[in-house]
Amino acid sequence: MSSAASASSVPRTRFAGRTALVTGGGSGLGRAIALAFAAEGANVVIAGRTEGTLKETVGLIEDAGGTAVAVTADVSRSAELAALVEAAVERFGSLDVAVNNAGVLRAGQPLAELPEEDWRTMLDINVTGVLLALQAEVKQMRTQPGGGAIVNISSNLGAHLSLPGTTGYGATKAAVSALTKGAAAEHMGDGVRINAVSPGSSDTSMSLRQGESLAQRTERMKTSSPLGRVSSTAEVAAAVLYLASDESASVVGADLVIDGGAAA
Ligand SMILES: NC(=O)c1ccc[n+]([C@@H]2O[C@H](COP(=O)([O-])OP(=O)(O)OC[C@H]3O[C@@H](n4cnc5c(N)ncnc54)[C@H](OP(=O)(O)O)[C@@H]3O)[C@@H](O)[C@H]2O)c1
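Computed from a predicted model, the values in this text were never measured in an experiment. (Residues numbered from 1 in each chain as written. Predicted model: local features only at pLDDT ≥ 70, side-chain atom pairs only at ≥ 80, totals over all residues. Heavy atoms only, no water.)

Engineer: Can you help me understand the site of the ligand in this one?
Structural biologist: Neighbouring the ligand are 27 residues, the closest being Leu29, Thr50, Asn101, Tyr169 and Thr204. In the model, an oxygen atom of the ligand is placed 2.8 Å from a nitrogen or oxygen of the serine 27 side chain. A distance of 2.8 Å separates an oxygen atom of the ligand from a polar side-chain atom of arginine 49. Isolated, the ligand exposes 880 Å² of accessible area, and the fraction of that covered by the protein chains is 90%. Where the shell around the ligand is concerned, the elements lending two or more residues are helix H2 (28-39) and helix H6 (167-187). (Near = heavy atom within 4 Å. Polar contact = N/O pair within 3.5 Å; in protein donor to acceptor, adjacent residues only side chain to side chain. Areas by Shrake-Rupley, 256 points an atom, 1.4 Å probe, with all protein chains shown as cover. Helix = DSSP H or I, 4+ residues; strand = E, 2+ residues; numbered from the N terminus.)

Encoded structure:
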């Protein structure tokens, strides 16, 4: 066996004994991120509004030999976030990592036609949801001797790129990027390290246009992305785990774009 092969077959345990919370963990990127943390030894708390999908993620983690619990919570409600953090600490003893991944996309029309209700929904979940989550998480993490690490899931849209039909969504994600940078500076003295990952089109249903099939998306990406494809959920998860791990101990307030060069 080559040394490269033997190194890659060693199980990684960067998060052994740590508690990792992933919001929006019942599907898409959040599910992949939750599975990746569990595979590296974390006790994972998966949150979202739909109990059934959260339990599916827990099942996948347990089938792979990991440990996870599902907690239903709406990130736009501060009381539910406080209860979520409390549940994580009660179950596993600490909150070491939090990934604020829950988000929604309402897009497809120019700004003048964006329904006010869609705008308010995106603001509530994408912006207020991340702000309230940061507040609940920092309050807990700063009481712990080891502090904690938080990764917000933003987007290449907003702070890094604009795309017709996504201006409202991009504005909410630009706010997530700004919240990340500001909160990172304000709370590093509390022992809480905050960063963001900004994905571009990734392999989840969110990157499908209305009525588009997977095959049609594959064709569209060949010409619309410099890389010629969507990012895999594993590629995005790997960036999140890096920013949540001790390997990135001196990385604070970064916003790592994972988009195959779309915003380059
Ligand atoms: N996929 C992409 O191409 C892409 C690109 C850039 C950024 N992103 C961002 O990546 C994140 C994950 O997206 P995804 O692609 O994995 O899409 P997804 O499969 O639709 O996941 C979104 C998750 O957020 C949860 N959620 C939505 N509103 C919530 C609320 N109020 N409270 C708690 N949970 C809520 C959803 O679960 P419930 O509905 O059950 O609550 C769902 O599990 C989002 O923030 C998205 O904006 C995605």
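Engineer: Hey, could you run me through the nonpolar core in this one?
Structural biologist: For soluble globular proteins, nonpolar side chains are generally found buried alongside one another. In this structure, Leu21, Val45, Leu81, Leu84, Ile150 and Ile194 are the most contacted members of the largest nonpolar core, which totals 34 residues. The element that contributes the greatest number of residues to this core is helix H5 (residues 116-141), accounting for nine residues. When neighbours within four sequence positions are excluded, isoleucine 194 is seen to be in contact with Leu134, Val138, Ile150, Asn152, Thr180, Ala183, Ala184, His187, Val252, Gly253 and Ala254. Listed in part, the 28 residues of the second largest apolar core include Ile46, Ile61, Ile153 and Val197. (Core = buried A, V, L, I, M, F, W, Y, C linked by side-chain atoms within 4.5 Å. Buried < 20%, exposed > 50% of the residue type's maximum accessible area, 1.4 Å probe, protein only. Contact = heavy atoms within 4.5 Å.)

Engineer: What should I look at first to understand the packing of H2 against helix H8 (residues 233-244) in this one?
Structural biologist: Running from N to C, H2 and H8 point in directions that differ by 55°, and their axes come no closer than 9 Å. Taken together, the axis directions place H2 and H8 in an arrangement best described as oblique. As H2 packs across H8, the resulting crossing turns out to be right-handed. Seen from H2, the contacting residues are Gly28, Leu29, Ala32, Ile33, Ala36 and Phe37; seen from H8, they are Thr233, Val236, Ala237, Val240, Leu241 and Ala244. Among the residues making up the contact of H2 with H8, the classes are represented as 10 nonpolar, two polar and no charged. (Axes fitted to C-alpha atoms, helices over the stretch in contact; angles between N-to-C directions. Parallel < 35°, antiparallel > 145°, perpendicular 65-115°, else oblique. Left-handed = near helix turned anticlockwise from the far one by under 90°. Nonpolar A, V, L, I, M, F, W, Y, C, P; charged D, E, K, R; others polar.)

Engineer: Hey, could you run me through the sheet that holds strand E7 (residues 255-258) in this one?
Structural biologist: Sheet strands pair via backbone hydrogen bonds, and the direction of the pair is either parallel or antiparallel. Spatial strand order, E3-E2-E1-E4-E5-E6-E7: seven strands in an open sheet with parallel pairing. Since the sheet does not close on itself, it has two edges, and those belong to strand E3 (67-72) and E7, each with one partner. This sheet shows a mean twist of 20° between the axes of neighbouring strands, independent of strand direction. When strand E4 (residues 97-100) meets strand E5 (residues 148-153), the two strands line up parallel, connected through four bridges. Looking across to E5, one finds that alanine 98 is bridged to isoleucine 150. On the sheet, H2 packs against strand E1 (19-23), strand E2 (43-48), E4, E5 and strand E6 (192-199) and is oriented at approximately 170° with respect to E1. Against the sheet, helix H3 (residues 51-63) engages E2 and E3, with an angle of about 175° to E3. (Pairing = 2+ DSSP bridges.)

Engineer: Looking at this structure, I do not really get H2. What am I missing?
Structural biologist: The end-to-end C-alpha distance of H2 is 17 Å, a good match for the 16 Å that 12 residues give at a rise of 1.5 Å each. Within H2, burial applies to Leu29, Gly30, Arg31, Ala32, Ile33, Ala34, Phe37 and Ala38. (Expected span 1.5 Å × (residues − 1).)

Engineer: Looking at this structure, how should I read the pattern of salt bridges?
Structural biologist: When the charged atoms of two side chains lie near each other, side chains of opposite charge can form a pair. Enumeration over the complete set of coordinates arrives at 14 salt bridges. In this structure, arginine 120 and glutamate 116 form a salt bridge, with 2.8 Å as the shortest nitrogen-oxygen distance. Of the two residues, arginine 120 and glutamate 116 are both situated in helix H5; the distance of four residues between them amounts to about one turn of the helix. Aspartate 203 is the partner of arginine 217 in a salt bridge, and the nearest nitrogen-oxygen pair spans 2.6 Å. Here arginine 217, found in helix H7 (residues 214-224), pairs with aspartate 203, found in the loop between E6 and H7; they are 14 residues apart in sequence, far enough to count as distant. Its relative accessible area of 40% is what places aspartate 203 among the partly exposed residues. One continuous salt-bridge network, built from bridges that share partners, spans Arg12, Arg14, Glu40 and Glu247. (Salt bridge = Lys/Arg side-chain N within 4 Å of Asp/Glu carboxyl O.)

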